[in-house]
Amino acid sequence: MTQKTKARAALPLDQIIAGDCIEAMRGLPDNSVDLVFADPPYNLQLKGELHRPDNSRVDAVDDAWDQFSSFAAYDAFTRAWLTEARRVLKPDGAIWVIGSYHNIFRVGAALQDAGFWILNDVVWRKTNPMPNFRGKRLTNAHETLIWAGKSDASKYTFNYEALKSLNDGVQMRSDWLLPICNGGERLKDANGDKAHPTQKPEALLHRVLVASTKPGDVILDPFFGTGTSGAVAKRLGRHWIGIEREDSYRKVAAARIAKVQPAGAEAHAVTESKRAEPRVPFGQLVERGMLAPGDVLVSMNGRHTAKVRADGSLVSASTRGSIHQVGAELEGLPSCNGWTYWSFLRDGQPIPIDVLRQQIRAEMNN
């Protein structure tokens, strides 16, 4: 076993790795993480200091880590870290990258060139954006996130029902209205200044992780900063790996994450998609004697009846077929969910046949 192979043998879960993200990722095993969340340098290309109308200085992003000599240098950097991020992702893993108009289009092209498969772009619309102090452009009130699978064949995690729950039962859209990080959440250094100029709000990471990870998953953040992804991951019962080259950020992140208390296993679970549940054919209910050939099923609206046959099909006075086909035919509809349409009588009360399916699923999950 080579030294390089030995270095990749152990995954540093729930740790901050000090150093350059590209070199650090090279020390991680192939196909080892479930999700990458990346908030790379935006390459803002600021020309001098930025001031408000009253001539006070704006605390803008002018740090060395955000400065590149040219677009070509930035593109080379982007391709290098994306190559390593894709290598460490599991086959069914995914990546989220956030950026502004300065860099997100270049990153998007590099993602596709690297073999990632773009699933969505999400517009994070800020409720409280920083105004355009010079008055020469529109107020930049949003950032863009790109969500992509490792490949077009990736069976990526998407907790559709969980996002509906977050959104009062309505399908989640790709425009997210959330405030920027401010108030008590904004971390400060010993001088009372921002600990990091582009600290992301925990609400944003909460939505990303609830959407696309499961409890116990490993999230890699190659641009860890003050550790927002790690703090949210720990709270939600996910593992995290952070990479950060700036010592001051690492110290703030470590102290922040140490204070986080996980919510507990029951609270970490999210509403799973019905499609993810084990398939149970209606015929299995008949095979197992939960329903018998000749039993009469009644539609939940009370208008129709049908008899169960030995092969798991139904027969009514006018049609025969599956529980779905017969229900649709009797109601004159193009389709019907037979599991919620049909019931059986117990003590004179109609019980949806789906109750029996759930009993079998519970056994399968134990």
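Residues numbered from 1 in each chain as written. Predicted model: local features only at pLDDT ≥ 70, side-chain atom pairs only at ≥ 80, totals over all residues. Heavy atoms only, no water.

**Student:** Which parts of the structure should I look at to understand the environment of W176?
**Tutor:** Locating W176 in the fold gives a position in strand β6 (residues 175-178). In this structure the C-alpha to C-alpha distance between W176 and L204, which are 28 residues apart in sequence, comes to 8.6 Å. Contact partners of W176, with chain neighbours within four places excluded, come to W96, V122, V123, W124, R125, L204, R207 and V208. Side-chain polar atoms of W176 contact the backbone oxygen of R173, separated by 2.8 Å. (Helix = DSSP H or I, 4+ residues; strand = E, 2+ residues; numbered from the N terminus. Contact = heavy atoms within 4.5 Å. Polar contact = N/O pair within 3.5 Å; in protein donor to acceptor, adjacent residues only side chain to side chain.)

**Student:** I'm lost on the sheet that holds strand β14 (residues 349-352) in this one. Help?
**Tutor:** The strands making up a sheet are joined through hydrogen bonds of the backbone, oriented either antiparallel or parallel. Spatial ordering of the open sheet is given by β12-β11-β10-β9-β13-β14, a layout of six strands whose pairing is antiparallel. What marks the edges here is a single partner per strand, and that holds for β12 (320-321) and β14. Two strands pair when backbone bridges link them, and strand β13 (residues 342-346) and β14 are joined in this way by four bridges, in the antiparallel orientation. Its bridge partner being in β14, F344 is matched across the sheet by I351. (Pairing = 2+ DSSP bridges.)

**Student:** What am I meant to see in helix α7 (residues 228-235) here?
**Tutor:** An α-helix turns once per 3.6 residues; consequently, residues spaced three or four apart project the same way. The element α7 is largely enclosed, with a buried count of six among its eight residues. Three or more residues of α7 are buried, namely T228, S229, G230, A231, V232 and A233. Where α7 is buried, its residues contact α6 (202-212), β7 (218-221), β8 (239-244) and α8 (247-258). G237 sits one or two positions beyond α7 and adopts a positive phi of about 75°. (Buried < 20%, exposed > 50% of the residue type's maximum accessible area, 1.4 Å probe, protein only.)

**Student:** Quick question: what am I supposed to make of the packing of α6 against α7 here?
**Tutor:** Working note: a packed helix pair is described by the angle between its axes plus the distance between those axes. Closest axis-to-axis distance for the α6/α7 pair is 9 Å, and the angle between their directions is 55°. Here α6 lies oblique to α7, going by the angle between them. Read as a crossing pair, α6 and α7 show a hand that is right-handed. Residues E202, L205, H206 and L209 of α6 lie in contact with α7, whose contacting residues are T228, S229, A231, V232, A233 and R235. Class assignment of the residues belonging to the contact of α6 with α7 gives a composition of five nonpolar, three polar and two charged. (Axes fitted to C-alpha atoms, helices over the stretch in contact; angles between N-to-C directions. Parallel < 35°, antiparallel > 145°, perpendicular 65-115°, else oblique. Left-handed = near helix turned anticlockwise from the far one by under 90°. Nonpolar A, V, L, I, M, F, W, Y, C, P; charged D, E, K, R; others polar.)

**Student:** Looking at this model, I keep getting lost on the confidence of the model for the chain. Mind explaining?
**Tutor:** Reading predicted coordinates in detail is not appropriate for stretches of low pLDDT. Confidence along the chain averages 88 in pLDDT terms, with 90% of residues attaining 70 or more. Across residues 1-9 the pLDDT falls below 50, and counting only partners more than four positions away or on other chains, this stretch makes nine contacts in the model. Note that residues 46-53 has pLDDT below 50 and, in this model, 17 contacts with residues that lie over four places away or in other chains. (pLDDT = per-residue confidence, 0-100.)

**Student:** Would you mind going over the nonpolar core with me for this structure?
**Tutor:** Among the nonpolar cores identified, the biggest contains 32 residues, and W96, L145, W176, L204, V208 and L209 are the most heavily contacted of them. Of the residues forming this core, the biggest block, six residues, is contributed by α6. Counting 30 residues, the second largest nonpolar core, distinct from the first, contains M25, W81, A110 and L220. (Core = buried A, V, L, I, M, F, W, Y, C linked by side-chain atoms within 4.5 Å.)

**Student:** Is there a simple way to explain the packing of aromatic side chains in this structure?
**Tutor:** Think of a pair of aromatic rings as described by two things: how far the centres are apart, and how the planes are tilted against each other in angle. Under the defined criterion, the tally for this structure stands at eleven aromatic pairs. Summarising the aromatic geometry, the rings of W81 and F223 are spaced 5.2 Å apart at their centres and angled 85° between planes, so their arrangement reads as edge-to-face. One end of the pair, W81, is in helix α3 (residues 71-88); the other, F223, is in the loop between β7 and α7, and 142 residues separate them in sequence. For W81, a relative accessible area of 0% gives the class buried. With centroids separated by 4.9 Å and ring planes inclined at 85°, the aromatic side chains of Y341 and W342 adopt a geometry described as edge-to-face. (Phe/Tyr/Trp six-rings, centres within 6.5 Å; stacked < 30°, edge-to-face > 60°.)

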